[in-house]
Amino acid sequence: MSSTRSALLALLSGAVLGGTLYSVLNHTYLDTSDPLLSHLPHPLHHQSIFAQRTNIFNSLFVKKAWGWTSAAFATVWLTSPPQTRSRQPWSRWAAATAVWGAFAAWFFGPSLLERLAVASGGSCVLHLPSDISDNPPVVHPVPLEYCSAKTIVSPSTHPALFPATLLASLDSAWMARPRLYNGHDVSGHIFLLTLSALFLHSQLEPAWKLISSPRPTSVPFKFAVVAATALFGIWLLMTLATSIYWHTPFEKLTGFALGLGGFALVQFPFSSSTLRVARASLSTRVD
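Residues numbered from 1 in each chain as written. Predicted model: local features only at pLDDT ≥ 70, side-chain atom pairs only at ≥ 80, totals over all residues. Heavy atoms only, no water.

A word on the packing of aromatic side chains. By the definition in use, this model includes 12 aromatic pairs. A centroid spacing of 5.1 Å and a plane angle of 45° characterise the contact between Phe-103 and Phe-191, whose relative ring orientation is tilted. Remark: Phe-191 occurs in helix α8 (residues 188-212) and Phe-103 occurs in helix α4 (residues 88-104); sequence separation between them is 88 residues. Accessibility classification places Phe-103 together with Phe-191 in one group, the buried group. Relative to Phe-232, the ring of Trp-208 has its centre 6.1 Å away and its plane inclined at 65°; by these criteria the two rings are edge-to-face. Placement of Trp-208 in helix α8 and of Phe-232 in helix α9 (residues 219-245) is noted, with a sequence separation of 24 residues between them. Taken together, Trp-66, Phe-73, Trp-77, Trp-90, Trp-93 and Phe-199 form an aromatic cluster joined through their ring pairs. (Phe/Tyr/Trp six-rings, centres within 6.5 Å; stacked < 30°, edge-to-face > 60°. Helix = DSSP H or I, 4+ residues; strand = E, 2+ residues; numbered from the N terminus. Buried < 20%, exposed > 50% of the residue type's maximum accessible area, 1.4 Å probe, protein only.)

By size, the foremost hydrophobic cluster in this structure holds 48 residues, and its most contacted members are Val-76 and Trp-235. With sequence-adjacent residues up to four places away left out, Val-76 is seen in contact with Leu-204, Ala-207, Phe-221, Ala-224, Val-225 and Ala-228. (Core = buried A, V, L, I, M, F, W, Y, C linked by side-chain atoms within 4.5 Å. Contact = heavy atoms within 4.5 Å.)

Attention shifts here to the packing of α8 against α9. Contact pair α8 / α9: the axes reach a minimum separation of 9 Å and the direction vectors enclose 150°. In terms of axis orientation, α8 runs roughly antiparallel to α9. Here α8 and α9 pass one another in a crossing that is left-handed. Here the contact of α8 with α9 is built from residues that sort into 17 nonpolar, 7 polar and 1 charged. (Axes fitted to C-alpha atoms, helices over the stretch in contact; angles between N-to-C directions. Parallel < 35°, antiparallel > 145°, perpendicular 65-115°, else oblique. Left-handed = near helix turned anticlockwise from the far one by under 90°. Nonpolar A, V, L, I, M, F, W, Y, C, P; charged D, E, K, R; others polar.)

This brings us to the sheet that holds strand β3 (residues 179-181). In space, the 3 strands of this open sheet follow the order β2-β1-β3, with antiparallel pairing throughout. Of all the strands in the sheet, the pair left with one neighbour each is β2 (139-142) and β3. Here the strands of the sheet are splayed against their neighbours by 50° on average, with no regard to which way each runs. Pairing of strand β1 (residues 123-127) with β3, which is carried by 3 bridges, proceeds in the antiparallel orientation. Bridged to Val-125 within β3 is Arg-179. (Pairing = 2+ DSSP bridges.)

The residue Lys-150 is not glycine, and still its phi comes out positive at about 55°. Here Lys-150 lies in the loop between α6 (144-148) and α7 (164-169). Classification of Lys-150 as partly exposed rests on a relative accessible area of 45%. With phi around 75°, Asn-182 is a residue other than glycine that occupies positive phi space. Taking the relative accessible area as the measure of exposure, Asn-182 reaches 45% and is therefore partly exposed.

Take a positive patch on the surface next. Taken together, the side chains of Arg-53, Lys-63, Lys-64 and Arg-179 make up a positively charged region of the molecular surface. Mapped onto the elements, Lys-63 comes out in the loop between α2 (56-61) and α3 (65-79). For Lys-63, a relative accessible area of 56% puts it in the exposed group. (Patch = residues over 30% accessible without salt bridge, like charges linked within 9 Å, V, L, I, M, F, W, Y side chains within 5 Å. Areas by Shrake-Rupley, 256 points an atom, 1.4 Å probe, with all protein chains shown as cover. Salt bridge = Lys/Arg side-chain N within 4 Å of Asp/Glu carboxyl O. Lys, Arg positive; Asp, Glu negative; His and termini not counted. Charge placed at Lys NZ, Arg CZ, Asp CG, Glu CD.)

All we've got here are geometric facts, nothing functional implied.
Shown next as structure tokens:
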């Protein structure tokens, strides 16, 4: 393991563990798995931009983190000197994309994170409008398949899901998409940011060495490396911010562990391949 990767692991661990400890000691985190709390503004939203769901870093970057990471990786590779390019980084990217997809998007149906939430007691819930009565229910449970399919439901399209008292109170034009709550809501942000930071670093490390060497490099390559490094910095910043303001401590720790494990899965086949090549080379020299 390179010294810079060791430093990155220490930095990520410090951000997650330090941010989580701070959130516990200062009561700054919001339990996003509680349906009675998760739809409300963060209690500290007026004090910090990072406690606002709609902050630009979250809405523009983190929610599209793997797309940004993929674009940064591709730009650095395409602008690098032709003689330094190989196919292996693309194989790693494909493996990392598969890991991201399995955990966060699709795994023969619901993603692995969704399956974990359901297995740990999660339920599919609709947040109801607050103006339907003087004392309205805040949430309404629906079957799990509506969360799995991410189906938008309404009284007009799915009347069987609502009791008669709710049907009489709800506007027929009202609609909403149910979400999973009450189970173990692994921090998908921490998982994704950890995987993205580690993968992007693995591609930037040789680029940093190339730029710092006497070897001439093009202006587009230097610009691509600077932009990717700035993105890398955003991932580190948002890892700390998420650890301070969102999810329970255990949900953040499991997200971090899964991010590390996912990156290890990406690295394993290539590390094994490199080791076999090195052994073969050593054997040839000995013979």
